[in-house]
Amino acid sequence: MTDAVRQRFLRFAREEAPGRSELYVEWASGVAGDPEMQSLLARIPETRRQPPLVFAVTRMLGAALADYPLWRAFVLAHADEVVAECSQRQLQTNEPLRLAPLLPVLSEIAGPIALLEVGAAAGLCLYPDRYSYRFSGSDGSLRAALDPDDGPSPVVLESITDGPIPGLRMPEVVWRAGIDLAPLDAGDDRDRRWLRGLVWPGEEGREERIAAALDIAASEPALLVAGDARDRLHALAAAAPSSATLVITTPGVLIHIPRADRLALVEEIRRLPARWVTIDPPGLLDVWEPAVDAESWPGFVVALDGAVRASADPLGRWWEWRAGDRADPS
């Protein structure tokens, strides 16, 4: 079992962390060469032993962004707590920047909108109307900007796009709700430290953006329920105001659901009187219209009711509109 830990952290140090976080390269390399740490981490269930999860838990518990010997000393001193927290936590990428490529799609949908997110975590992607947007070309030139009605937001979502930019408007969101296996409270200090700890050291601007988005979510809490989406979806959808267009979003969550359950969930979503907005790997589903070539498609697919709208970076750092002339909002 310790060899599995060694191999997992060695692979992370060699293949996943370089170019993204040199500190995580150092930590993972240290674990890969440290039998005592391998034995400790082997106590964590295999499905909860991913290096980014382990690192985030230690940071939530108070580990400093320091060199490996200091981090190691912290982990050994808090071994039981690290194992316990890792055993019940799961990776949750609650990145509000994903809303940047989704904004043009939301702009197509007639408001007011009742927004329901599957895999909501702390619900940071339930506030598209509370963030500012800045779309630039790859040359750095500003191409489009949009702010909430009451002025610029402390959360500014900056994304790169070089192709056509369709008409943009701020969605009118009148109801916000989410489902998650383990929803987080934006106002809870421990949950806030957890989400901030999931940001890799070296990812400039992400932690500050998430912290500001957490403040917005805490000031206007969404309705977040715990449970499996297939069990809770219909009841939560029925709670949405009938005067609003129900929009169900699945931004980046379907990839984490086993295939049979994923396809069943998508079918349930599509049977509801709702619009469905998603961003997924191109080969994840076979509902895309028109079909996409998963081998050549850049990034993820952004779609509305299965109709392809854009290609995008999984976290929203860039996007390219690919829908051509779209119909009037409906």
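Residues numbered from 1 in each chain as written. Predicted model: local features only at pLDDT ≥ 70, side-chain atom pairs only at ≥ 80, totals over all residues. Heavy atoms only, no water.

Attention now goes to unusual backbone geometry. That bond from G111 to P112 is cis: its omega, -5°, falls within 30 degrees of zero. A cis amide bond links E289 to the next residue, P290, at an omega of -5°. With respect to the secondary-structure elements, P290 resides in the loop between β8 (275–280) and β9 (300–304). In this model, A121 sits at a positive phi of 55°, which is unusual for a non-glycine residue. Within the secondary structure, A121 sits in the loop between β1 (113–118) and β2 (132–136). Notably, D305 is not glycine yet its phi reads approximately 55°, a positive angle. If you trace the backbone, D305 turns up in the loop between β9 and β10 (307–312). (Helix = DSSP H or I, 4+ residues; strand = E, 2+ residues; numbered from the N terminus.)

A water-sized probe rolled over the atoms picks out the places where empty space is left. Taken as a whole, the largest pocket holds about 1400 Å³ of empty space. L91, Q92, T93, G252 and H256 are, among the 48 residues lining the largest pocket, the residues nearest its centre. Of the residues contributing to the lining of the largest pocket, the split by class is 23 nonpolar, 10 polar and 15 charged. (1 Å grid on protein atoms, 1.4 Å probe; cavity = no way out; pocket = protein on both sides within 12 Å on 5 of 7 lines; lining within 4 Å. Points joined across faces, edges and corners; volume = space filled by probe spheres on them. Nonpolar A, V, L, I, M, F, W, Y, C, P; charged D, E, K, R; others polar.)

Under the criterion given, the structure shown has 27 salt bridges. Across the pair R230 and E268 runs a salt bridge whose closest N-O atoms are separated by 3.0 Å. In this pair, R230 is assigned in helix α10 (residues 229–238) and E268 in helix α11 (residues 259–271), connecting sequence segments 38 residues apart. Overall, R230 belongs to the partly exposed group, its relative accessible area being 35%. What makes E268 buried here is its relative accessible area of 10%. Across the pair D313 and R317 runs a salt bridge whose closest N-O atoms are separated by 2.9 Å. (Salt bridge = Lys/Arg side-chain N within 4 Å of Asp/Glu carboxyl O. Buried < 20%, exposed > 50% of the residue type's maximum accessible area, 1.4 Å probe, protein only.)

A few words now on the confidence of the model for the protein. Of the residues in the protein, 98% have a pLDDT of 70 or more, and the chain-wide mean is 93. The least confident element of the protein is helix α8 (residues 189–197), whose mean pLDDT is 90; the most confident is β2, at 98. pLDDT under 50 marks residues 325–330. Its contacts with residues more than four places away, or in other chains, come to 15 contacts. (pLDDT = per-residue confidence, 0-100. Contact = heavy atoms within 4.5 Å.)

Turning next to the side chain of S136. Its place among the elements puts S136 in strand β2. With near-sequence residues (within four places) excluded, S136 lies in contact with S141, L142, R143, S159, I160 and T161.

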